[in-house]
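Structural description and commentary
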Amino acid sequence: MAFSDDIIGWYAQNKRDLPWRHTKDPYVIWLSEVILQQTRVEQGLPYFHRFLLHYPNVQAFANAPEDELLMHWQGLGYYSRARNMHKAARAVVAEHGGVFPSRYADLIKLKGIGEYTAAAIASFAADEPKAVVDGNVFRLLARYFGIDTPINSTNGKKLFFQLAEELLDTGHPGLYNQGVMEFGALQCRPKNPRCGSCVLRLDCRALKEGRVDQLPVKLKGKASRNRYFNYFIVTEDDRLLMNKRGKGDIWENLYELPLIETPHAVTVQELESREEVIACFGEHAALQLVAGPVKHVLSHQNLFAQFVAVGAPQIPDGKKMPWNYVFIKDLGTLAKPKLIYSFLRDYGLNYT
DNA sequence: TACACGTGGCC
DNA sequence: TGGCCAAGTGT
């Protein structure tokens, strides 16, 4: 009892004034929660405003083309979130008459809504007693109870979810859930936690045992792999050759320049004599390095990209590759990965 | 069930 | 600098 009272009391004094905290509309809460998955508030904030402006309700969201949603999502990362939100919005229109659900059992069935997000929406919008367990909660509980079971292990997840459910203030689930997360974000933060001023300091096991900086424990994942991307700049008058990425790899359904990936770093000269390059651009194409190699770090990959201008290209049939010429003035309507739009901007391919 | 999926900020 | 982390989910 004391734990949830301390959390709710602390929250009343210390909570930030965030726009999604002024509503009980499950659609608006859904927008904010998905945007905030694995994303800092400061990074997500402008996207929240943008999506609410363009798509004030779930019908508007469902009616939008996927390309347009991805364009507005550009730069936020984890693009499957936008694609899954599209599917979820259409399911809400088709199966819930356009009324966004606020029950956990309905929410959990929607694409892109997992245990955390379903609990968040259900508790914030309708005070359904479901405990949220996000990174903040894992960290707070690991420290407060001095638990060194890895938070990303199967056992750890079971343990922390069970504990969170027991601690939930069933009288004020929404308030308590927002409180624990905010507490984890501002007070029991990952680095330099503010233990000196913490209302839980007398009961915190990790603080008592001097283990605050060792908790939570997290199993290390696999090391990143390196990939070598050779991007080609092929223009025809005021048009630029672009590629829409497919399934099964990074940046699904986003647009990029024509790409040839090589198993290791290659020079432009080596590139010129490669079969695939000749097959794509003809024997007499003149290649010239324009930029790179640029290192672009993803969560599980290190990309090394170089950008190569193609002079005198002879594109064989255009049917073999899924490449299409796009008017340079229209480039802004296409969703592109950060690596690509940064290059286009720096290269002076300006579009408005 | 581990692992893949983006980007930016911090030290 | 490079590694870790940030309101997770799908497969």
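Thresholds applied
- The residue numbering used here restarts from 1 in each chain and proceeds along that chain's sequence as written.
- Chains carry letters and ligands carry numbers; both start at the beginning, A for chains and 1 for ligands, and go up in the order they are written.
- Local features are withheld for residues below a pLDDT of 70 in this predicted model, meaning they are given only at 70 or higher, and side-chain atom pairs are given and counted only at 80 or more; totals for whole chains, interfaces and linings count all residues.
- Excluded from the side-chain calculation are hydrogens and water; included are all heavy atoms of the structure.
- UniProt positions are given in the numbering used here, feature names are shortened, and annotations may be inferred rather than shown by experiment.
- Runs of H or I in DSSP of at least four residues are treated as helices and runs of E of at least two as strands, each being numbered from the N terminus.
- Three labels apply to residues, based on accessible area from a 1.4 Å probe with only protein chains included: buried if under 20% of the type maximum, exposed if over 50%, partly exposed otherwise in between.
- We call two residues in contact whenever any of their non-hydrogen atoms come within 4.5 Å of each other.
- For the accessible areas, the method is Shrake-Rupley and the probe is 1.4 Å, while residue cover comes only from the protein chains on display.
- By the counting scheme adopted, Arg and Lys are positive, Glu and Asp are negative, and His together with the chain ends is not counted.
- A single reference atom marks each charge: NZ on Lys, CZ on Arg, CG on Asp, CD on Glu.
- Only buried residues count toward a nonpolar core. Its members are Ala, Val, Leu, Ile, Met, Phe, Trp, Tyr and Cys residues joined through side-chain atoms within 4.5 Å.
- Two rings belonging to Phe, Tyr or Trp (six-membered ring only in the last case) form a pair when the distance between their centres is within 6.5 Å. Interplanar angles under 30 degrees mark stacking, angles over 60 mark edge-to-face geometry, and anything in between is tilted.
- Cation placement over rings: the criterion is NZ of Lys or CZ of Arg within 6 Å of the ring centroid and within 35° of the ring normal.
- Throughout, the term near means that a residue has one or more heavy atoms lying within 4 Å of the molecule or strand in question.
- Pairing of N or O atoms within 3.5 Å defines a polar contact, subject to two protein rules: one partner must be a possible hydrogen donor and the other a possible acceptor, and residues neighboring in sequence count only if both atoms are side-chain atoms.
- Residue classes follow a fixed rule: Ala, Val, Leu, Ile, Met, Phe, Trp, Tyr, Cys and Pro count as nonpolar, while Asp, Glu, Lys and Arg count as charged, and any other residue, Gly among them, counts as polar.
- Inter-axis angles, ranging from 0 to 180 degrees, are taken between N-to-C directions of lines fitted to C-alpha atoms, where helices are fitted over the stretch in contact.
- For classification purposes, an angle smaller than 35 degrees is called roughly parallel, one larger than 145 roughly antiparallel, one from 65 to 115 roughly perpendicular, and anything else oblique.
- Here is the rule for handedness: rotate from the far helix to the near one, and if that takes an anticlockwise turn smaller than a right angle the crossing is left-handed, while a clockwise turn gives right-handed.

- Within an unreviewed UniProt entry, the label attached to chain A reads Adenine DNA glycosylase, and the organism entered is Parapedobacter composti.
- According to UniProt, the comment filed for chain A under the heading Sequence similarities (unreviewed entry) is "Belongs to the Nth/MutY family."
- We quote the UniProt Function (unreviewed entry) comment for chain A here in full: "Adenine glycosylase active on G-A mispairs. MutY also corrects error-prone DNA synthesis past GO lesions which are due to the oxidatively damaged form of guanine: 7,8-dihydro-8-oxoguanine (8-oxo-dGTP)."

**So, the overall build of chain A**
- A count of helices and strands for chain A gives 15 helices and eight strands.
- The buried share of chain A, taken over its 352 residues, is 48%.
- By sequence separation, contacts in chain A at least 24 residues apart represent 64% of the contacts at least 6 residues apart.
- Within the structure as shown, chain A displays about 18000 Å² of accessible surface, and the carbon and sulfur contribution to it stands at 50%.
- Here chain A contributes 42 positive and 38 negative side-chain charges, whose respective centroids are spaced 4 Å apart.

**Describing the nonpolar core**
- Formed by 100 residues in total, the largest nonpolar core has its most connected members in Phe3, Trp30, Phe61, Tyr231 and Trp251.
- The residues contacting Phe61, other than those within four sequence positions of it, are Tyr27, Trp30, Leu31, Phe51, Tyr55, Leu69, Met85, His86 and Ala89.
- In this structure, Phe281, Leu287, Val308 and Val310 belong to the second largest nonpolar core, which totals 15 residues.

**So, the packing of aromatic side chains**
- Under the defined criterion, the tally for this structure stands at 22 aromatic pairs.
- Ring geometry for Tyr27 against Trp30: centres 5.7 Å apart, planes inclined by 45°, an arrangement best described as tilted. Pair noted here: Tyr27 and Trp30 are both in helix H2 (residues 26-35), with a separation of three residues, about one helical turn.
- Measuring from centroid to centroid gives 5.1 Å for Phe343 and Tyr347, while their planes differ by 20°, and the two rings are stacked. You can see Phe343 and its partner Tyr347 sitting in helix H15 (residues 338-347), four residues apart, about one turn around the helix.
- Through a chain of ring-to-ring contacts, the aromatic side chains of Tyr27, Trp30, Phe51, Tyr55, Phe61, Trp73 and Phe100 assemble into a single cluster.
- Here the basic side chain of Arg50 rests over the ring of Tyr47, its NZ or CZ set 4.6 Å away from the ring centre.

**A short note on the protein's contact with DNA strand B**
- In the neighbourhood of DNA strand B, 23 residues make up the surrounding shell, with Arg40, Tyr79, Trp251, His296 and Gln301 lying closest.
- At 3.4 Å, a backbone N or O of Leu76 approaches a base nitrogen of DNA strand B.
- When its residues are assigned to classes, the surface near DNA strand B shows eight nonpolar, ten polar and five charged.

**A closer look at the UniProt feature "domain: HhH-GPD" (unreviewed entry) in chain A**
- Within the UniProt annotation, "domain: HhH-GPD" (unreviewed entry) is assigned to residues 35-186.
- Along residues 35-186 the backbone is 65% helical and 0% strand, and the end-to-end C-alpha distance reaches 19 Å.

**Looking at the packing of helix H9 (residues 135-144) against helix H11 (residues 173-186)**
- Packing of H9 against H11 leaves a shortest axis separation of 8 Å and a crossing angle of 75°. If you check the angle between H9 and H11, you find them roughly perpendicular. Contacts between H9 and H11 involve Asn136, Val137, Arg139 and Leu140 on the former and, on the latter, Val180, Met181, Phe183, Gly184 and Ala185.
- Here the residues of the contact of H9 with H11 are counted per class, giving six nonpolar, two polar and one charged.

**Re the protein's contact with DNA strand C**
- Around DNA strand C, a shell composed of 26 residues is seen, among which Gly112, Gly114, Asp134, Asn136 and Pro190 lie nearest.
- Protein-proximal atoms of DNA strand C, defined as those within 4 Å of the protein, fall in sugar or phosphate at a share of 70%.
- With respect to DNA strand C, the side chain of Arg139 contributes an N or O atom lying 3.1 Å from a phosphate oxygen.
- Counted by class, the surface near DNA strand C contains nine nonpolar, eight polar and nine charged residues.

**Some remarks on the packing of H2 against helix H3 (residues 41-54)**
- Put simply, H2 and H3 touch, their axes get as near as 9 Å, and they point 145° apart. Crossing hand, H2 versus H3: right-handed. Every residue of H3 that contacts H2 at Tyr27, Val28, Leu31, Ser32 and Ile35 is listed here: Gly44, Tyr47, Phe48, Phe51 and Leu52.

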